[in-house]
Amino acid sequence: MTTKVISRRERGRNLTRFGKGERPTFYITTPIYYPSDRLHIGHAYTTVAADAVARFKRLEGYDAFFLTGADEHGQKIERAAQAHGKAPQEYVDEIVATFKSLWAELRVEYSDFIRTTDARHRVVVEQAFQRLYDQGDIYKAAYEGWYCTPCETFWTERQLVEKSCPDCGRPVELLREESYFFRLSKYADRLLKHIEEHPDFIQPVSRRNEMINFIRQGLEDLCVSRTTFSWGIPVPFDPRHVVYVWVDALTNYISALGYGTEGDASFRRYWPADVHLVGKDIVRFHAVIWPILLMALGIELPKRVVGHGWLLVDGGKMSKSKGNVIDPHVLIEKYGVDAVRYYLLRELPAGGDGYYLEENLVGRINSDLANDLGNLLHRTLTVCERFGGGVVNAPGAPEGPDEELIALTEETPEKVSQHVDRLELAEALSAVWRPISRANKYLDETAPWNLGKDPEKRGRFNTVVYNVLEVYRFVTVLLSPFMPGFPERVWPQLGIAGRPELHAFASLRWGRFPAGVEVRRGAPLFPRIETPK
Ligand code: MSP
C-alpha cells in the first residue's frame, strides 16, 4: 500500500508542536450494524479492529474519536419487528441494548454510539435531503426496478444474476413507485478523478480497482426514497416517502458530529474521517454513494475507506439458516476477552478473508499467549525471585546477544505504529511477537537459572533479568490497544503498576525500567487450554 508513513521523529515533532488540548485528531468509524439480529464474531471483528486502532492512536497521543452505532430503519427491520410481533422501535431498542452490552464485554471503548432513530441524526438527514432537493440534485421520477431487501439495494434488470441479487443471491422484488432520485451520474467524473488523485482513498488496491471499473461502466441515478413502507425518516417536503435507508445510514458519520447544527464543534474538530473501516461487501456504498453525497453537499471527503475481508466458517458465510453463527459471548465466556480479541485481530490478514476455527483459537492461546507471551514473564520472574530476591537490579554493560535484543525491541514501536496506520493489525501483532520470541531465545542462550547460582556472575544475572523485563514493558505497552485487559495484569507483577508514565508510548525508550523495583510473580497470565488428544 502507498500510505505515507510518518516517521516517529516527524510524529514526535507533530505531537510536540501541538500544545496540550490541541492534540492532532484521528477519526475512525465502523459500519452501523442492522439491529435485525444479534451480532456475531464477524461484526465483533470490525468493531474490535477499529477499537484497537483508536486505542493505539490515543496511546500515541492523538485525540482519537471512534464512532459505532446502529442502522435502524428500512424494510428489513420493519419486517423483522413484525415477525416478532413488536413495534419497530421497541424491537430495535431491545437489540441495540444487546449491541452495547457486547461492546462492553469486548472492552470496546467507543467515543459515541449513533442510532439512526436518534433525533439528532434525523435532523441532519432531513436537512441534507432538503438541501439536495433545493439545489436540484434530487428530483422526482417514476421508478421501476428490482430491490433486494436483505441488502437494502436497488438493481437494474441487467445487473441481476439468474434473476436474483448479484451480491447475496437471494430473490429480488419488482418495485414500481414514484420516487425521488439522486443525481449520482452527474458526479461520476469528479469521483473518478478524486480516486485517481488519491491512491489511498480506497484500500486495499483490489477494491480500489473494482470501484474504478464499476464507476467507469457508468453510474445511474440512485432511487433515494420509498413509499411501500413507513419505517424510516420521512422526506421533509413529501412525507409519503421515507428516505432510502443507505442515504439515511451513511449520514451517521457526520450527524454524530453534529454537522449542520449549532453543536457542530465535533464536526469541525474531527471531520474529515481518517478511516471508514467497512466489510468488503459494503465498500461500494462507502466509496461511491457516500463521497458523491458529500460532494453534492460541499463537504470534504473522508481520507480513506478501508475494506476488510470476511471471517468465514466451515461452510462459508455465517448464517442463521445454516446454523453456523458463532456467538462472541460464548467464546469470551470460555476463553476470556483478551484471547478472543487477540485471535480475531491476529487471524484476519489485511484485506483478505480468514477462517474461524475453534481449534485455531485454542492453538493461538496455547502457543502465542501461554507459551510465548505468558511464559516469558513467568520464567523471568521465577528466576528473579529465586536468585535475586525479587528485586530488579541495574544492568551492566551489554554483551553477547544483548545488543541484538535491544535493537530489535527499540525498533518495534515504530514498526507496529506503521502497520496500525495501514490497518495491518495481524502484521502489527506479529511485529510485537518478534521481540517476544527473541527474548525467549535470549533466556535459553543466557540461562539466568545457571548465572543465578554463581555469585561471580551476579552482574550478568542482573543484566539478563533487567533486559528481559524491559522487553516485557515495551511489549505490554504495545499490546495494550489490542488486549486492554492484559497490562492491568502485568504491571503489578512487574512492580510498576503505580508508574503510569512507564506505560506510555512516549516512554518506549530503552532503559527506562526503574532499577530497584520489586516484582511479584502472579498466576500464569494465559493458562494453557488442555485439549483432548
Ligand atoms: N447497516 C449496514 C451498514 C451501514 S454503514 C453506513 C450493514 N450492516 S450489517 O450489520 O449487515 O453489516 C455490518 C458489517 O459487518 C459489514 O461491514 C459487513 O461486512 C460486516 N460483516 C458481516 N458478516 C461478516 C463476517 N462474517 N466477517 C466480517 N465482517 C462481516 O451492512
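Residues numbered from 1 in each chain as written. Predicted model: local features only at pLDDT ≥ 70, side-chain atom pairs only at ≥ 80, totals over all residues. Heavy atoms only, no water.

S.K.: Can you help me understand the pairing of strand 4 (residues 138–148) in this one?
M.R.: Here is the key point about a regular strand: its side chains alternate between the two faces of the sheet. The sheet contact formed by strand 4 and strand 6 (residues 173–182) spans 10 bridges and is antiparallel. Looking at strand 6, one finds that tyrosine 147 is bridged to glutamate 173. Of the pairings in the sheet, the one linking strand 4 to strand 5 (residues 153–155) comprises 3 bridges and is antiparallel in character. For tyrosine 147, the partnering residue across the bridge sits in strand 5 and is phenylalanine 154. Here strand 4 folds back onto strand 5, and the loop between the two strands holds 4 residues, one of which, glutamate 152, carries a positive phi near 45°. (Pairing = 2+ DSSP bridges. Helix = DSSP H or I, 4+ residues; strand = E, 2+ residues; numbered from the N terminus.)

S.K.: What exactly am I supposed to notice about the packing of helix 2 (residues 41–59) against helix 13 (residues 337–347) here?
M.R.: Between two packed helices, what matters for the description is the angle formed by their axes and the separation of those axes. At a closest axis distance of 10 Å, the pairing of helix 2 and helix 13 adopts a crossing angle of 90°. The angle between helix 2 and helix 13 places the two elements in the roughly perpendicular class. Between helix 2 and helix 13, the residues in contact are Ile41, Ala44, Tyr45, Val48, Ala49, Asp51, Ala52 and Arg55 and Arg341, Leu344 and Leu345, respectively. (Axes fitted to C-alpha atoms, helices over the stretch in contact; angles between N-to-C directions. Parallel < 35°, antiparallel > 145°, perpendicular 65-115°, else oblique. Contact = heavy atoms within 4.5 Å.)

S.K.: What am I meant to see in the sheet that holds strand 4 here?
M.R.: Hydrogen bonds along the backbone pair up the strands of a sheet, which may run parallel or antiparallel. Spatially, the 4 strands line up as an open sheet ordered 5-4-6-8, and their pairing is antiparallel. Only two strands of the sheet have a single partner each, and these edge strands are strand 5 and strand 8 (222–223).

S.K.: Before we go on, may I ask you to explain the site of the ligand in this structure?
M.R.: Surrounding the ligand, one finds 23 residues, the nearest of these being Ile32, Asp71, Gly279, Asp281 and Leu311. Between the ligand and aspartate 281, the relevant distance is 2.4 Å, taken from an oxygen atom to a side-chain nitrogen or oxygen of the residue. Here leucine 311 contributes a backbone N or O atom positioned 2.9 Å from a nitrogen atom of the ligand. Its free accessible area being 670 Å², the ligand has 94% of it covered by the protein chains. Along the lines of polarity and charge, the residues of the shell around the ligand split into 13 nonpolar, 8 polar and 2 charged. (Near = heavy atom within 4 Å. Polar contact = N/O pair within 3.5 Å; in protein donor to acceptor, adjacent residues only side chain to side chain. Areas by Shrake-Rupley, 256 points an atom, 1.4 Å probe, with all protein chains shown as cover. Nonpolar A, V, L, I, M, F, W, Y, C, P; charged D, E, K, R; others polar.)

S.K.: Help me out: how do you make sense of the packing of aromatic side chains in this one?
M.R.: In this description, an aromatic ring pair is defined by two values, namely the gap between the centres and the angle between the planes. Inspection of every chain in the model, using the stated rule, returns 30 aromatic pairs. Summarising the aromatic geometry, the rings of phenylalanine 154 and tyrosine 244 are spaced 4.9 Å apart at their centres and angled 55° between planes, so their arrangement reads as tilted. You can see phenylalanine 154 sitting in strand 5 and its partner tyrosine 244 sitting in the loop between strand 10 (242–243) and helix 8 (245–250), a full 90 residues away along the chain. Here the two residues phenylalanine 154 and tyrosine 244 agree in accessibility, since each one is buried. Their ring planes at 85° and their centres at 6.0 Å tell us that tyrosine 466 and phenylalanine 513 sit as a pair that is edge-to-face. On the criterion of sequence distance, the pair formed by tyrosine 466 in helix 18 (residues 458–479) and phenylalanine 513 in the segment after helix 19 (486–494) is long-range, its members being 47 residues apart. On the basis of relative accessibility, which here comes to 3%, the residue tyrosine 466 falls in the buried class. Judged by its relative accessible area of 2%, phenylalanine 513 falls in the buried class. An aromatic cluster is defined as three or more aromatic residues linked by ring pairs; in this entry it consists of Tyr27, Phe65, Tyr253, Tyr259, Phe267, Tyr270, Trp271 and Trp290. The aromatic ring of tyrosine 147 is capped on one face by arginine 226, whose charged end is 4.3 Å from the ring centroid. Geometry around tyrosine 270 places arginine 269 over its ring, the cationic atom sitting 5.7 Å from the centre. (Phe/Tyr/Trp six-rings, centres within 6.5 Å; stacked < 30°, edge-to-face > 60°. Buried < 20%, exposed > 50% of the residue type's maximum accessible area, 1.4 Å probe, protein only. Lys NZ or Arg CZ within 6 Å of the ring centre and 35° of its normal.)

S.K.: Would you mind going over the nonpolar core with me for this structure?
M.R.: Generally speaking, soluble globular proteins have nonpolar side chains that are buried together. Core analysis: the largest hydrophobic core is formed by 180 residues, its most contacted members being Trp103, Leu106, Tyr244, Trp271, Leu373 and Phe482. Filtering out sequence-adjacent residues up to four positions away, leucine 106 remains in contact with Ala44, Val48, Ile332, Val337, Val340 and Arg341. (Core = buried A, V, L, I, M, F, W, Y, C linked by side-chain atoms within 4.5 Å.)

S.K.: Mind showing me how you'd approach the state of the cysteines here?
M.R.: Tallied over the entire structure, the rule returns 0 disulfides. Cysteine 148 provides the cysteine sulfur closest to cysteine 168, a residue in no disulfide bond, and the two sulfurs are 3.8 Å apart. In this structure cysteine 168 comes out as partly exposed when scored by relative accessible area, which is 24%. Free cysteine cysteine 223: the closest other cysteine sulfur is in cysteine 148, separated by 15 Å. Accessibility expressed as a relative area gives 2% for cysteine 223, which makes it buried. (Disulfide = S-S within 2.5 Å.)

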